[in-house]
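If you want the building blocks of each chain, they are given just below.
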Amino acid sequence: MALSRADARSLDAQDPLAPFRSRFIEQPDDVIAYLDGNSLGRPLKAIDQTWNTLATQVWSQRLIRGWTDDADGGNWLELPEIVGDELAAAALGAAAGQTVIADSTTVNFYKAMRAAVNLRPGRKKIIVDRENFPTNRYIAESVASDLGLELVWLRPDLATGVSADDVAAVLDDDVAVVTLSHIAYRSGFLADMSAITALAHRHGALVVWDLCHSVGSFPITLDADDVDFAVGCTYKFVGAGPGAPAFSYVNRRHHADLNQPIWGWLGRADSFEMEQGYRPAAGIRSMISGTPQIPGILAVREGARVIGEAGIDTIRAKAVRLGEMVISLVDEWLGPQGYRLGSPRDSDQRGAHVSILRHDARQLNDALIGAGVIGDFRAPDAIRLGLSPLANSYEEVWSALEVIRDLDRAEYPGQDRPAEYFDRAE
Ligand SMILES: Cc1ncc(COP(=O)(O)O)c(C=O)c1O
């Protein structure tokens, strides 16, 4: 029997994260359920206050001195590393001194890929998968084309992802870099970071992980897994806002030989000496290129603070329970309507979103948004239901599934069901 609304309410009543919902600015009345926090998280009230303080008390009062002032709210030049460490402690399982907040994921990924390849001179291959996020595929193509390297493409199942065995099958001692997403953007498949990293290292290759979908939703253990490079965004489960700067992690053991390709003035040693010639700053600072985006970094700080307070293990536990609830409702309600599960059924292999597949997903998703349920469409046939443990209640997610179920009983724009569908419906 399908879970009832009363069941969902009782899960909310026992939820240790329930109080965190009031930390967010209320969502508009026309939204029944916001299930797109895996694309853009909802704003925290604390970010509103932080940005107001920045404008009215720090920027307006300290002016240019804010860059170097030690006064509360200033010291902007150091914030990429300071807040990088805060995020690392709350969500990345990384010790201080290995993470900066800077640029976009795309740019950080480019820098990390080039830096990783530079650390493995003479090796000619990069392993990447066809289901990776487009930016990762394109950057891998660009790096390979610039440096004359060969791309080894993995072709995982659309609804799952890359396993350690898939990687083992193509690894050899000519591979410079293996790059994968920790959680696949379409299916939510959770890759085995520890096993794949160890496997790559056994062949002398380095790993570059994309953590966009796992940072803030899953307990990441970069240091314990001996990861080489990792990048990720902060506008999904960290909730730092549209276009917020990304993070870049480089394992300390690579710092002495680190050589990333965008040699900007703020990644140089003694930036303000304005000297001729580039000499990298010591440590993780050399992953920076230009001026830090301060409002975004301050928002990352608020996101990291809330994750730290809630505890990443507690967040993960709720993501698993929400996912199980969604899958049980998909089985009960949506399977008979022609939907298929597009995510791993096993919670140990699934991140914090569940994809449902149907041939008319694009139109369905438009109709859903019109009906107050915001998820997102991913070509060719997936609707992703993002589950944000800090912002979503069980009842909100339950209501979303109810709307999806009932939508199918109504007409919606662009509706073109296959004939066999009608045999299966009610
Ligand atoms: C898995 C993944 N990697 C990379 C990116 C690209 O990030 P950006 O556009 O911030 O560079 C995204 C964006 O959503 C993503 O989901």
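Once a new chain begins, its residue numbering starts again from 1 and follows that chain's sequence as written. Per-residue local features of the predicted model are confined to residues with pLDDT of at least 70, and side-chain atom pairs are confined, for both listing and counting, to 80 or more; whole-chain, interface and lining totals are unaffected and use all residues. The basis for every side-chain value is the complete set of heavy atoms in the structure, and neither hydrogens nor water enter the calculation.

Trainee: What is the right way to read the sheet that holds strand S13 (residues 382–386) from this model?
Mentor: For two strands to be treated as a pair, DSSP must find at least two bridges joining them. Helix and strand definitions follow DSSP, with helices as H or I runs of at least four residues and strands as E runs of at least two, each counted in order from the N terminus. Taking strand neighbours across the sheet as the criterion, the 4 strands line up as S9-S10-S13-S12 in an open arrangement whose pairing is antiparallel. This sheet does not close on itself; its edge strands, each paired only once, are strand S9 (340–341) and strand S12 (376–378). As paired strands, S9 and strand S10 (residues 353–357) are joined by 2 bridges and run antiparallel to one another. When the bridges of S10 are listed, Leu341 appears paired with Ile356. Lying over the sheet, helix H9 (residues 312–334) contacts S9, S10 and S13, oriented at roughly 15° with respect to S10. Where helix H10 (residues 361–370) meets the sheet, its contacts fall on S12 and S13, and the angle it forms with S13 comes to roughly 40°. Working rule for contacts: check all heavy atoms of both residues, and any pair within 4.5 Å makes them a contact. Inter-axis angles, ranging from 0 to 180 degrees, are taken between N-to-C directions of lines fitted to C-alpha atoms, where helices are fitted over the stretch in contact.

Trainee: What am I meant to see in the site of the ligand here?
Mentor: Note on terminology: near, applied to a residue and a molecule or strand, indicates that one of the residue's heavy atoms is within 4 Å of it. In the neighbourhood of the ligand, the contacting residues comprise Ser104, Thr105, Thr106, Phe133, Thr135, Asn136, Asp210, Cys212, His213, Tyr235 and Lys236. In the environment of the ligand, an oxygen atom lies 2.7 Å from a nitrogen or oxygen atom belonging to the side chain of Tyr235. Interatomic distance of 3.0 Å between a side-chain N/O atom of Lys236 and an oxygen atom of the ligand. Burial of the ligand by the protein amounts to 83% of the accessible area it has alone, namely 400 Å². The cavity that encloses the ligand is the second largest pocket. When contributions to the shell around the ligand are tallied by element, the ones reaching two or more residues are helix H4 (105–118) and helix H5 (134–147). Pairs of N or O atoms are called polar contacts if they sit within 3.5 Å, as long as, within protein, a hydrogen donor faces a hydrogen acceptor (for residues adjacent in sequence, only side-chain-to-side-chain pairs). Methods summary: accessible areas were calculated by the Shrake-Rupley approach with a probe of 1.4 Å, and residue burial reflects only the protein chains presented. Space inside and on the surface of the protein is sampled on a 1 Å grid over the protein atoms alone, with a cavity defined as a set of points where a 1.4 Å probe fits but cannot get out and a pocket as an open set with protein on both sides within 12 Å along at least 5 of 7 lines; lining residues have an atom within 4 Å of a point. Occupancy of a cavity or pocket is assigned to a molecule whenever over half of its atoms lie within 2 Å of that pocket's grid points.

Trainee: I'm lost on the pairing of strand S7 (residues 229–232) in this one. Help?
Mentor: Summary of the burial criterion: residues with accessible area below 20% of their type's maximum are buried, those above 50% are exposed, and those between are partly exposed, where the area comes from a 1.4 Å probe applied to protein chains only. Residues Phe229 and Val231 line one face of S7 and the alternating positions Ala230 and Gly232 line the opposite face, and both faces are buried. Examined bridge by bridge, strand S6 (residues 206–210) and S7 share 3 bridges and lie parallel to one another. Counted as the bridge partner of Asp210 is Val231 from S7. Relative to strand S8 (residues 246–250), S7 runs antiparallel, the two being bridged by 4 bridges.

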